[in-house]
Amino acid sequence: MDLNLDAPHSMGTTIIGVTYNGGVVLGADSRTSTGMYVANRASDKITQLTDNVYVCRSGSAADSQVVSDYVRYFLHQHTIQQGQPATVKVSANLIRMLAYNNKNMLQTGLIVGGWDKYEGGKIYGIPLGGTVVEQPFAIGGSGSSYLYGFFDQAWKEDMTKEEAEQLVVKAVSLAIARDGASGGVVRTVIINSEGVTRNFYPGDKLQLWHEELEPQNSLLDILNAAGPEPMAM
Amino acid sequence: MSQSAVDVPPKGGFSFDLCKRNDMLTQKGLKAPSFLKTGTTIVGLIFKDGVILGADTRATEGPIVADKNCEKIHYMAPNIYCCGAGTAADTEAVTDMVSSQLRLHRYQTSRDSRVITALTLLKKHLFSYQGHVSAALVLGGVDITGPHLHTIYPHGSTDTLPFATMGSGSLAAMSVFEAKYKEGLTRDEGIQLVAEAICSGIFNDLGSGSNVDICVITKGNKEYLRNYMEPNPRTYVSSKGYSFTKKTEVLLTKITPLLERVEITEVGEAMEE
């Protein structure tokens, strides 16, 4: 089977952004793939733009890194000029300007989330093509296909911080179970008026879903568990 | 060949006009020459006191080994080294270019170079060429903020990892790292693990071979261990020596220095206006 190690790095990915009463929770998996090889099994797809605004990256790894680097730089200048922290809407707009004006050359879907004192917690989805959509929750990446129905049923307004984070972790974990291009660990970032909290959920600590096996360290353990060794003469 | 000059874009930089011509020719049935890649195993890991980089030494031209003992660990700064996989010309050129940019930056800022500076210069260059500069790099060094290890891919994306492998032998080497790496390795343990990973690439990947090069970078010190291990020595050497047929004339061996000795005369007094 051809691994195609020359393929550009893409983050198959599952990315999620959810608002709750008081802020936002952003979540992502950690798999970066080159063709069929996992180039980085512990990548961090939730990147900081300012103290109070973060972005989840999906699609081409190079394109999303470059876009977020530029926007971080623009926002830094903007913050100095304004004399106060940048708002989430401005951050989303800057990303959108780059994504829309370079739509022929970029292949990256982003979810911007943060908290500011004017609007509180906000999530903006910026898919391929460069539209900006302000949403109570947003999902993106290849793994998101498996989550549309889940969110229709499970999301509700005015969740608490704990409920929102558990929802995000559950959703990423479900997507990891079904999507080959998502995997590794679940990372979450909670942003509210008090600040930013980063959390980390290792893959083997996540809940097991339908037909999933317990994580094992070695194939030998599985084979030996099947039965005792036959008696030797 | 072509009489007209190729148009240079007004802002300078690479002109992609010939790429359109190449596309047209391939559509008409011309087989493009294949790229010369260095099938390679390059690795890096972070240990207790710094960073260890490792590489094999085989350079290939298709099925032929072009260089049995090439150097894949490139100097970037006194405290930063970079292993390169992919097209040999691209890795050499891009590491040399960024190495000089770093030196100029050091002169300007009067500070030691930082690894993230090298990282940003490399990733900007590679991204602007959209993957056509086929250089996959493992960049490692120790600066004032501590030890750092990064991988850089031809399209310009980067990852920051405690251990990393690249090149055609990367899967073989990564299997060794995933099985045996732990945090807080000592210098000797780290070197042994890197050598083991490169050997795994040398013996299991056809594009990698010959010897193991290692570079250990710690705070304020670096050790470039060229040919640290030579697991593929030439085993048969004829005891009778090699004799040439009668018609071959061995001429006198004479070495002529090209530069004459330069005499420096003491200058009398400094010039004055």
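As shown above, the structure is provided for reference.
The structure displayed is predicted, hence computed values, not measured ones.

Reading the values: the criteria
- Residues numbered from 1 in each chain as written.
- Chains lettered and ligands numbered in written order.
- Predicted model: local features only at pLDDT ≥ 70, side-chain atom pairs only at ≥ 80, totals over all residues.
- Heavy atoms only, no water.
- Helix = DSSP H or I, 4+ residues; strand = E, 2+ residues; numbered from the N terminus.
- Expected span 1.5 Å × (residues − 1).
- Buried < 20%, exposed > 50% of the residue type's maximum accessible area, 1.4 Å probe, protein only.
- Core = buried A, V, L, I, M, F, W, Y, C linked by side-chain atoms within 4.5 Å.
- Contact = heavy atoms within 4.5 Å.
- Pairing = 2+ DSSP bridges.
- Phe/Tyr/Trp six-rings, centres within 6.5 Å; stacked < 30°, edge-to-face > 60°.
- Salt bridge = Lys/Arg side-chain N within 4 Å of Asp/Glu carboxyl O.
- Axes fitted to C-alpha atoms, helices over the stretch in contact; angles between N-to-C directions.
- Left-handed = near helix turned anticlockwise from the far one by under 90°.
- Nonpolar A, V, L, I, M, F, W, Y, C, P; charged D, E, K, R; others polar.
- Polar contact = N/O pair within 3.5 Å; in protein donor to acceptor, adjacent residues only side chain to side chain.

Trainee: How do you make sense of helix α1 (residues 17-28) of chain B when you look at a structure like this?
Mentor: An α-helix turns once per 3.6 residues; consequently, residues spaced three or four apart project the same way. The end-to-end C-alpha distance of α1 of chain B is 17 Å, a good match for the 16 Å that twelve residues give at a rise of 1.5 Å each. Phi turns positive one or two residues past the end of α1 of chain B, at Gly29 of chain B, with a value near 115°.

Trainee: Quick question: what am I supposed to make of unusual backbone geometry here?
Mentor: It is generally the case that most residues other than glycine have a negative phi and that most peptide bonds are trans. In this structure, Glu211 of chain A is a non-glycine residue whose phi angle is positive, near 65°. Residue Glu211 of chain A is classed as exposed on the basis of its relative accessible area, which comes to 70%. Positive phi, normally seen in glycine, also occurs at Ser210 of chain B, with a value near 65°. By the element assignment, Ser210 of chain B lies in the loop between α5 (187-204) and β12 (212-218). On the accessibility criterion, Ser210 of chain B (12% relative accessible area) is buried.

Trainee: Even after reading the chapter, I still don't get the nonpolar core, so can you show me in this structure?
Mentor: For soluble globular proteins, nonpolar side chains are generally found buried alongside one another. In this structure, Leu45, Ile52, Leu53, Phe177, Val194 and Ile214 of chain B are the most contacted members of the largest nonpolar core, which totals 43 residues. If one sorts the elements of this core by residue count, α5 of chain B sits on top with eight residues. Within the second largest apolar cluster, 22 residues are counted, among which are Phe137, Leu147, Phe150 and Trp155 of chain A.

Trainee: I would appreciate a short explanation of helix α4 (residues 161-178) of chain A in the present structure.
Mentor: All names here are of chain A. Taking 1.5 Å as the rise per residue, α4 with 18 residues should run 26 Å; its terminal C-alpha atoms sit 26 Å apart, in good agreement. Those residues of α4 that sit buried are Ala164, Glu165, Leu167, Val168, Val169, Ala171, Val172, Ser173, Ala175 and Ile176. Buried residues along α4 sit in contact with β2 (15-20), β3 (23-28), α3 (148-154), β12 (186-192) and β13 (195-201).

Trainee: How do you make sense of the pairing of strand β9 (residues 120-126) of chain A when you look at a structure like this?
Mentor: Successive side chains on a regular strand alternate, one facing one side of the sheet and the next facing the other. Residues and elements named next belong to chain A. By the criterion of burial, β9 is predominantly enclosed, with six of the seven residues buried. The hairpin turn running from strand β8 (residues 108-116) into β9, its antiparallel successor, is three residues long. In the sheet, β9 pairs with strand β10 (residues 133-135) via three bridges, with the strands oriented antiparallel. Bridge pairing in β10 links Gly125 to Val133. Taken together, β9 and the strand that follows it, β10, pair antiparallel across an intervening segment of six residues, in which Gly129 is found at a positive phi of about 105°.

Trainee: Before we go on, may I ask you to explain the packing of aromatic side chains in this structure?
Mentor: Describing an aromatic ring pair means giving the distance of the ring centres and the angle of the ring planes. Residues and elements named next belong to chain A. The final tally for this structure, using the stated rule, is nine aromatic pairs over all chains. Residues Tyr70 and Phe74 carry aromatic rings whose centres are separated by 6.1 Å and whose planes lie at 25° to one another, so their mutual orientation is stacked. Of the two residues, Tyr70 and Phe74 are both situated in helix α1 (residues 61-82); the distance of four residues between them amounts to about one turn of the helix. For Tyr70, a relative accessible area of 41% corresponds to the partly exposed category. Its relative accessible area of 30% is what places Phe74 among the partly exposed residues. A centroid spacing of 5.7 Å and a plane angle of 85° characterise the contact between Phe150 and Phe151, whose relative ring orientation is edge-to-face. On the basis of relative accessible area, Phe150 is assigned to the buried category, the value being 16%. Its relative accessible area of 1% is what places Phe151 among the buried residues. The structure contains a cluster of three or more aromatic residues connected by ring pairs, namely Phe137, Phe150, Phe151 and Trp155.

Trainee: How do you make sense of the pattern of salt bridges when you look at a structure like this?
Mentor: Side chains that differ in sign of charge can pair as their charged atoms come close. What the rule picks out here adds up to 13 salt bridges over all chains. The salt bridge partner of Asp188 of chain B is Arg187 of chain B, with a shortest N-O separation of 3.6 Å. Owing to a relative accessible area of 55%, Asp188 of chain B belongs among the exposed residues under this scheme. Bridged by salt links that share partners, the residues Asp69 and Arg72 of chain A together with Lys123 of chain B form one connected network.

Trainee: How should I be thinking about the sheet that holds β12 of chain B in this particular structure?
Mentor: Strand pairing within a sheet occurs via backbone hydrogen bonds; the two strands may be parallel or antiparallel. Residues and elements named next belong to chain B. Here we have five strands laid out as an open sheet, ordered β11-β2-β3-β12-β13, and antiparallel in their pairing. In this open sheet, the two strands that pair with only one neighbour each are β11 (163-166) and β13 (221-229). With direction set aside, neighbouring strand axes in the sheet form an average angle of 10°. Two strands pair when backbone bridges link them, and strand β2 (residues 42-47) and strand β3 (residues 50-55) are joined in this way by six bridges, in the antiparallel orientation.

Trainee: Just to check I follow, could you spell out the packing of helix α4 (residues 170-180) of chain B against α5 of chain B for this structure?
Mentor: Each pair of packed helices gets described by two things: the angle between the helix axes and the distance between those axes. All names here are of chain B. For the pair α4 and α5, the least separation of the axes is 7 Å and the interaxial angle reads 145°. Once α4 is placed against α5, the crossing between them reads as right-handed. On α5, the residues touching Ala172, Ala173, Val176, Phe177 and Lys180 of α4 are Leu193, Val194, Glu196, Ala197, Ser200, Gly201 and Asn204. Here the residues of the contact of α4 with α5 sort into seven nonpolar, three polar and two charged.

Trainee: Explain the side chain of Ser210 of chain B here, please?
Mentor: Looking at Ser210 of chain B, its side chain comes within polar contact range of the main-chain oxygen of Lys68 of chain B, at 2.8 Å. With sequence-adjacent residues up to four places away left out, Ser210 of chain B is seen in contact with Thr57, Arg58, Lys68, Ile202, Pro231 and Asn232 of chain B.

Trainee: How do you make sense of the interface of chain B and chain A when you look at a structure like this?
Mentor: At the junction of the two partners, chain B supplies 17 residues and chain A supplies 16 residues. Seen at the junction of chain B and chain A, the total is two salt bridges. Here Asp69 of chain A ties to Lys123 of chain B by a salt bridge, and the two come within 3.4 Å at their closest N and O atoms. Inspection of the chain B/chain A interface yields five residue pairs in polar contact (both at pLDDT 80 or more). For the side of chain B that touches chain A, the secondary-structure elements that each account for two or more residues are α3 (115-128), β10 (158-160), β11 and α4 of chain B. Per-element accounting of the side of chain B that touches chain A gives the leading share, four residues, to α4 of chain B. Classifying every residue of the side of chain B that touches chain A gives six nonpolar, seven polar and four charged.

Trainee: I'm lost on the sheet that holds strand β11 (residues 137-140) of chain A in this one. Help?
Mentor: Residues and elements named next belong to chain A. If you walk across this open sheet you meet the five strands as β11-β2-β3-β12-β13, and the pairing is antiparallel. The strands lining the two open edges of the sheet, one partner per strand, are β11 and β13. Neighbour-to-neighbour, the strand axes of this sheet turn through a mean angle of 15°, independent of strand direction. Across six bridges, β3 lies against β12 in antiparallel orientation. Its bridge partner lying in β12, Ala28 is registered against Arg187.

In short, the description is geometric, and any link to function would need to be established separately.
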